[in-house]
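# Chain and residue survey
Here is what each chain is made of, one letter per residue.
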Amino acid sequence: MEYTIIRVYRVPAESQVQATNRFMEALELGVEHDYLVRDYVKGPVGETKQVLSLRRVSWWVLIRRQLLGR
């Protein structure tokens, strides 16, 4: 069986190029999960269901993650 996993990210930017650059920088730094909105898993039958929905993270949590590396 094969499953398709789709990750949806939302990156604030003024242009597509700026959004791409910002997201590539986040990938290099390992913090792309800050932009993650949700994951979808599509099963072999074609049934799509939402598996993980992350709630927005407060600015304090983001600062703590960056400072402590967690």
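Residues numbered from 1 in each chain as written. Predicted model: local features only at pLDDT ≥ 70, side-chain atom pairs only at ≥ 80, totals over all residues. Heavy atoms only, no water.

### A closer look at helix H1 (residues 16-29)
Note the threshold: Comment: elements are numbered from the N terminus, with helices defined as DSSP H or I runs of at least four residues and strands as E runs of at least two. Expected helix span is taken as 1.5 Å per residue step, with the number of steps being one fewer than the number of residues. Think of it in three bands: residues with accessible area under 20% of the maximum for their type are buried, residues over 50% are exposed, and the middle band is partly exposed, with areas taken using a 1.4 Å probe on protein chains only. It is the directions from the helix axis to the C-beta atoms whose arc is reported. Contacts are assigned to residue pairs that have any heavy atoms within 4.5 Å of one another.
Given a rise of 1.5 Å per residue, 14 residues ought to cover 20 Å, and the 20 Å separating the end C-alpha atoms of H1 matches this to within 8%. Buried residues of H1: Ala19, Phe23 and Ala26, and no others. Down the axis of H1, the buried set is contained in an arc of 55°. They therefore lie on one face. Among the exposed residues of H1, those oriented more than 90 degrees off its buried face are Val17, Glu28 and Leu29. Its buried side turned inward, H1 meets strand S1 (4-9). At the exit of H1 stands Gly30, carrying a positive phi of roughly 80°.

### Side note on the confidence of the model for the protein chain
Going by this rule: Confidence scores here are pLDDT values: one per residue, from the predictor, ranging 0 to 100.
Averaged over every residue, the pLDDT of the protein chain is 81; the share at 70 or more is 80%. The least confident element of the protein chain, judged by mean pLDDT, is strand S3 (residues 48-53) at 59; the most confident is H1 at 93.

### Section: the packing of aromatic side chains
Convention followed: Ring pairs are drawn from Phe, Tyr and Trp, using the six-membered ring of Trp, whenever the two centres fall within 6.5 Å, and their geometry is named by plane angle: stacked under 30 degrees, edge-to-face over 60, tilted for the rest.
Per the stated rule, a full pass over the model turns up one aromatic pair. Ring centres 4.7 Å apart and planes at 55° place the aromatic pair Tyr9 and Phe23 in the tilted group. On the criterion of sequence distance, the pair formed by Tyr9 in strand S1 and Phe23 in helix H1 is long-range, its members being 14 residues apart. Overall, the relative accessible area of 17% leaves Phe23 in the buried class.

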